[in-house]
Amino acid sequence: KKNQEEIIVGLIFIFFALGFNVYRVQGDGLYYYSFLEYFLRLPNPESFPNGFYNPGFQQAGCAFFNAPFYLIAHVIENVFHKICNLNGITLRTIAINISSNFYLLLSLMLSVKILKLLNFKYIVWPIISILFSTTAFAAAVIIPSWTHAVDIFINTLFIYLFLKSNNKNIFSFLSLGF
């Protein structure tokens, strides 16, 4: 009963994410993805056949958050000694999508906790409204290679920490940087 809202929200998101994930790196995501490969020193011949492309350090934030998922995909590829390709989509690309899904799911779980801290009586419907009436769902599922899912997570985390903090002035100051 204690975590019922988190479970319901999580299952709803997972159901829709599995149905609508696009599993691709596109647009601005190409720069974030290429910085990730550059940062980890893991060349992906499918992205840049002539070696690494250094897009510049301004693309670093998203790469740091995607790195654990990308590394897991890389390890799996090394275990099988080839680049895994599922219907034309590499496992590394799928890892980026899973990363965005993961950070939005964490954001939704933190949002449930935020609403509980604010003594909301009904929690599931406001979270579903946030998920589908904002760009949150699209950020994690339709354009997963962009930074938006990570941005949503960071902002939600700051709001949660602000509400949980006894010293709200410090977190207010820190949150102004975003």
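Everything below is about the structure shown above.
Residues numbered from 1 in each chain as written. Predicted model: local features only at pLDDT ≥ 70, side-chain atom pairs only at ≥ 80, totals over all residues. Heavy atoms only, no water.

*Asks:* Tell me what's going on with the pattern of salt bridges, and back it up with residues and numbers.
*Replies:* This structure, assessed with the given rule, holds four salt bridges. For Glu6, the salt bridge goes to Lys116, with nearest N and O atoms at 3.3 Å. Note that Glu6 is positioned in helix H1 (residues 4-20) and Lys116 in helix H4 (residues 91-117), a separation of 110 residues in sequence. For Glu6, a relative accessible area of 9% puts it in the buried group. Salt bridges sharing partners connect three or more residues here, namely Glu5, Glu6, Lys113 and Lys116. (Salt bridge = Lys/Arg side-chain N within 4 Å of Asp/Glu carboxyl O. Helix = DSSP H or I, 4+ residues; strand = E, 2+ residues; numbered from the N terminus. Buried < 20%, exposed > 50% of the residue type's maximum accessible area, 1.4 Å probe, protein only.)

*Asks:* An account of the nonpolar core is needed here, citing residue identities and associated values.
*Replies:* Nonpolar side chains tend to gather and get buried jointly when the protein is soluble and globular. Ranked by size, the top nonpolar core spans 18 residues in total, and within it Val9, Phe13, Leu108 and Ile127 carry the most contacts. Of all the elements in the fold, those that place two or more residues in this core are H1, H4, helix H5 (124-133) and helix H6 (136-142). By residue number, the principal contributor to this core is H4, which donates five residues. Tyr32, Phe69, Ile154 and Tyr160 belong to the second largest nonpolar core, which has 14 residues in total. (Core = buried A, V, L, I, M, F, W, Y, C linked by side-chain atoms within 4.5 Å.)

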